[in-house]
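# Secondary and tertiary structure notes
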Amino acid sequence: MSLRCLITAGPTREFFDPVRFVSNPSTGKMGFALATAARQAGWTVDLVAGPVALPEPAGVVLYPVVTADEMSRQVDALFGACDILIMTAAVSDWRPKVRHPEKLKKQGQALTVEFEPVPDILTTLAAQRRPGQLLVGFAAETEDVEANARAKLVQKKIDFIAANSVAGPDGAFGAETNRLIVLGADGFRQVMGPATKTVLAQQLIALLLQHLTVHAR
Ligand code: CTP
């Protein structure tokens, strides 16, 4: 099957002055591993990535972005053409209300930064999907991993969600290995791993291909 896949990866950065930002410890490894696995499966791959320190996967078109707003606009531009969207990106949920144009000077005072919510990219896209497009999210949880992921699957109206724990030093952020609980809107459930992110990516791509093949019949 000749498929076009759009993958997001890595963190976003939300600045409150030119040199200071709020972000998270996502390294982009899972998204990059998925991009490689999708390419190896013969798919056309667009990869939208926040700031990461990973080499560009061969045969993949990489779109580097920094903020959630930039990621949202880049994904919007590519979404219409894709058959599958996989959002592994750890998109910031809040951004500073004000981005000061110059570096803030410290004068020994406390600093209060006011945040505003960032629109949910996946939810927005799910509401405008065309029939046949497959939407996959990742859930980063520190507690009640499966229940929280299942709630996101329903709330975001997507087809699959891969839940992983980001709690403590053994959490998924930056790790070489991971364990995923993959949940489908149709009641599907499968635990993958613990395994390397490379192996998990290959298993997830195989699973999505199988799902698409069955539903194309
Ligand atoms: N996501 C998104 N846009 C956002 C935040 C998250 O598209 N502004 C996507 C992520 O890429 C991921 C999924 O939504 O595929 C779940 O992200 P996660 O951070 O686990 O959950 P949130 O929906 O942000 O909820 P919370 O932070 O409250 O757990």
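Below is a summary of the structure that appears in this document. (Residues numbered from 1 in each chain as written. Predicted model: local features only at pLDDT ≥ 70, side-chain atom pairs only at ≥ 80, totals over all residues. Heavy atoms only, no water.)

### Some remarks on helix α5 (residues 197-216)
Spelled out, the test is: Helix and strand definitions follow DSSP, with helices as H or I runs of at least four residues and strands as E runs of at least two, each counted in order from the N terminus. Under the convention used throughout, the expected extent of a helix is 1.5 Å for every residue step, that is, one less than its residue count. We call a residue buried when its accessible area falls under 20% of the maximum for its residue type, exposed when it is over 50%, and partly exposed in between, using a 1.4 Å probe and counting protein chains only. Along the arc lie the directions from the helix axis toward the C-beta atoms. Any two residues having at least one pair of non-hydrogen atoms within 4.5 Å are treated as being in contact.
Over its 20 residues, α5 extends 28 Å from the first C-alpha to the last, a length consistent with the 28 Å expected when each residue adds 1.5 Å. Residues K197, L200, A201, L204, I205, L207, L208, H211 and L212 constitute the buried set of α5. End-on, the buried residues of α5 take up no more than an arc of 160 degrees, which puts them together on one face. Structurally, α5 contributes buried residues whose contacts are with α1 (29-40), β6 (84-87), β9 (134-141), β10 (160-165), β11 (177-184) and β12 (189-196).

### Considerations on the layout of surface pockets
The condition is simple: With a 1 Å grid spanning the protein atoms alone, the term cavity applies to any set of points in which a 1.4 Å probe fits but cannot get out, the term pocket to an open set with protein on both sides within 12 Å along at least five of seven lines, and the term lining residue to any residue with an atom within 4 Å of a point. Grid points are joined across faces, edges and corners, and a volume is the space filled by probe spheres set on the points. Here the term charged refers only to Asp, Glu, Lys and Arg, the term nonpolar to Ala, Val, Leu, Ile, Met, Phe, Trp, Tyr, Cys and Pro, and the term polar to all other amino acids, Gly among them.
Considered as a void within the structure, the largest pocket measures approximately 870 Å³ in volume. Along the wall of the largest pocket there are 41 residues; nearest its centre are A89, A90, V91, F138 and A140. Secondary-structure elements contributing two or more residues to the lining of the largest pocket are α1, α3 (121-126), β9 and β10. If one sorts the elements of the lining of the largest pocket by residue count, β9 sits on top with five residues. In terms of residue class, the lining of the largest pocket is built from 20 nonpolar, 14 polar and seven charged. The space that makes up the second largest pocket amounts to roughly 170 Å³. Together, K29, F32, A33, T36, L54, P55, P57, E176, T196, K197 and T198 line the second largest pocket.

### Focus on the nonpolar core
Nonpolar side chains tend to gather and get buried jointly when the protein is soluble and globular. Keep this limit in mind: Working definition of a nonpolar core: buried Ala, Val, Leu, Ile, Met, Phe, Trp, Tyr and Cys residues. They are joined through side-chain atoms within 4.5 Å.
Residues I7, L34, W43, I84 and I86 are the most contacted members of the largest nonpolar core, which totals 34 residues. Apart from the residues within four sequence positions on either side, I7 is in contact with G31, L34, A35, A38, V45, D46, L47, V48 and I86. In terms of nonpolar packing, the next biggest core, distinct from the first, is built from 28 residues, F79, M87, L153 and L183 among them.

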